[in-house]
Amino acid sequence: MGKTAIITGGTSGIGLVGATQVAKAGFDLVLLCRNVEKGEHCKAQIQAQAPDVAIDVVECELDRLASVAQVGRDLAQRYASIELLINNAGTAEMAYSKTEDGVERTFAVNHLAHFVLTHHLLPALKKAGATSGARIVHTASEAHYMADPSFVDDVNWERRKYFVFKAYCDSKLANVLFSNDLAARLEGTGIVSNCFHPGRVATNIWPDQKWYEKLLFGLLKKIYLISPEKGARPMVHLALDPEMANRSGIFFFEMKEKDVKSFARDDQLQAKLWQLSEQLTQSFL
Ligand SMILES: NC(=O)c1ccc[n+]([C@@H]2O[C@H](COP(=O)([O-])OP(=O)(O)OC[C@H]3O[C@@H](n4cnc5c(N)ncnc54)[C@H](OP(=O)(O)O)[C@@H]3O)[C@@H](O)[C@H]2O)c1
């Protein structure tokens with residue numbers, strides 16, 4: 001039996017490069033994407049480099065928990081065993097908005113959707129964990145260093161003025177907290193959970209740019225930002241390197257292991273986020 005990898009955000013940037021490397025390493029791949037046409041295009045691109053693996057494109061809108069839960073349940077039925085889950089998709093919403101589930105969109109996509117997806121895939125990951133081992137990789141960010149740990153008390157920005165940069169930093173802290181919490185909860189199951197900062201990468205993460213922002217970003221890309229190929233290296237390392245098979249609860253800053261901010265290792269904050277996530281997603285678990 002081959003190994004199976006599930007990835008979110010495999011249709012662009014860091015995720016597309018990471019998905020390609022995972023397929024080239026022999027994993028059958030499931031690309032969860034909101035735009036199936038784009039997903040099929042990426043599938044063809046990856047398949048050209050990894051002709052012997054199966055690649056499935058599955059529609060999944062991460063800003064709709066009903067969609068995430070449905071996909072999670074379907075995948076859990078289809079795959080008895082899942083060896084690799086890469087929670088990578090991300091957004092930075094310039095303007096404040098709520099999803100149909102009533103949650104601020106950056107937090108909903110970057111954290112809550114992955115909380116629900118991981119929940120549904122855990123039995124299949126545990127099956128793999130008990131035999132060949134399984135890994136969960138989260139694309140976090142250095143942005144978590146600048147987060148406000150009290151964000152868990154106001155994820156919908158009812159008591160603060162919304163600012164995209166802050167919302168993004170908070171959501172990336174949620175990624176690190178979730179990764180560390182999973183690592184502790186999954187000890188002894190054969191599943192490891194790790195996260196990373198890819199570097200500052202030239203991708204589409206900052207949408208809705210005005211013409212002068214486009215100009216500035218184009219310049220930044222040339223002189224300052226690294227390529228998605230380079231940005232995906234820590235993802236590939238955590239997902240595939242035999243050295244990382246038994247190591248859990250680790251944060252990589254590009255290709256170096258690094259300490260997370262102390263509040264990202266706070267057990268009470270981790271537990272508070274877990275509890276809040278369960279409350280906000282209870283009808284989808
Ligand atoms: N770029 C950086 O400098 C940087 C630094 C630190 C961390 N990161 C993290 O890296 C991860 C990947 O981002 P990237 O930089 O590679 O950006 P990107 O090129 O914009 O890729 C983002 C991916 O997420 C998907 N996505 C976004 N919203 C979605 C939704 N509602 N439903 C389903 N899929 C959705 C996108 O789908 P579409 O293809 O349909 O748009 C795309 O595949 C993110 O978690 C980001 O926070 C990036």
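No experiment lies behind these values; they were computed from the predicted model shown. (Residues numbered from 1 in each chain as written. Predicted model: local features only at pLDDT ≥ 70, side-chain atom pairs only at ≥ 80, totals over all residues. Heavy atoms only, no water.)

> It is not clear to me how the site of the ligand should be interpreted in this structure. Could you clarify?
The local shell around the ligand holds 27 residues, among which Thr 11, Ser 12, Lys 38, Tyr 168 and Thr 203 are the closest. A distance of 2.7 Å separates an oxygen atom of the ligand from a polar atom in the side chain of Thr 11. Between an oxygen atom of the ligand and a main-chain N or O atom of Asn 204, the distance comes to 3.3 Å. Considered on its own, the ligand offers 900 Å² of accessible surface; in the complex 93% of this is hidden by protein. Of all elements in the fold, only helix 1 (13-24) and helix 5 (164-185) reach the threshold of two or more residues within the shell around the ligand. (Near = heavy atom within 4 Å. Polar contact = N/O pair within 3.5 Å; in protein donor to acceptor, adjacent residues only side chain to side chain. Areas by Shrake-Rupley, 256 points an atom, 1.4 Å probe, with all protein chains shown as cover. Helix = DSSP H or I, 4+ residues; strand = E, 2+ residues; numbered from the N terminus.)

> Help me out: how do you make sense of the environment of Asn 194 in this one?
Assignment of secondary structure puts Asn 194 in strand 6 (residues 191-197). A relative accessible area of 1% means that Asn 194 is categorised as buried. Considering only alpha carbons, one finds Asn 194 and Asp 52, 142 residues apart in sequence, at a separation of 28 Å. Leave out the neighbours within four places in its chain, and Asn 194 touches Ile 136, Val 137, His 138, Ser 179, Leu 238, Met 244, Arg 247, Ser 248, Gly 249 and Ile 250. (Buried < 20%, exposed > 50% of the residue type's maximum accessible area, 1.4 Å probe, protein only. Contact = heavy atoms within 4.5 Å.)

> What is the right way to read the pattern of salt bridges from this model?
Counting across every chain of the model gives 10 salt bridges. With a closest N to O distance of 3.1 Å, Arg 64 and Glu 100 form a salt bridge. Within this pair, whereas Arg 64 is found in the loop between strand 3 (55-59) and helix 3 (65-78), its partner Glu 100 is found in the loop between strand 4 (84-87) and helix 4 (105-131), the two being separated by 36 residues in sequence. Classification of Arg 64 as partly exposed rests on a relative accessible area of 28%. Overlapping salt bridges bring together Glu 61, Arg 64 and Glu 100 as one network. (Salt bridge = Lys/Arg side-chain N within 4 Å of Asp/Glu carboxyl O.)

> Please explain unusual backbone geometry as it appears in this structure.
As a rule of thumb, non-glycine residues mostly have phi less than zero, and peptide bonds are mostly trans rather than cis. The backbone of Trp 157 shows a phi angle near 55°, a positive value even though the residue is not glycine. On the secondary structure map, Trp 157 appears in the loop between strand 5 (134-139) and helix 5.

> What is the right way to read a nonpolar patch on the surface from this model?
A cluster of nonpolar side chains, contributed by Leu 216, Leu 219, Leu 220, Ile 223 and Tyr 224, occupies part of the molecular surface with about 540 Å² of accessible area. One can find Leu 216 in helix 6 (residues 211-223). (Patch = residues over 30% accessible without salt bridge, like charges linked within 9 Å, V, L, I, M, F, W, Y side chains within 5 Å.)

> Would you take a moment to explain the pairing of strand 1 (residues 4-8) for this structure?
In the case of a regular strand, side chains alternate between the two sheet surfaces. Taking burial as the measure, the five residues of strand 1 include five buried ones, the bulk of the element. Of the two faces of strand 1, both are covered, the one formed by Thr 4, Ile 6 and Thr 8 as well as the one formed by Ala 5 and Ile 7. Inspection of the sheet shows strand 1 paired to strand 2 (residues 28-33) by five bridges, in the parallel sense. By the bridge assignment, Thr 8 is partnered in strand 2 with Leu 32. Once the chain exits strand 1 it traverses helix 1 before rejoining the sheet at strand 2, and the crossover so formed is right-handed. Bridge count for strand 1 against strand 4 is three bridges, and the pairing is parallel. Counterpart to Ala 5 in the pairing with strand 4 is Leu 84. (Pairing = 2+ DSSP bridges. Right-handed = clockwise from strand over helix to strand, strands pointing away.)

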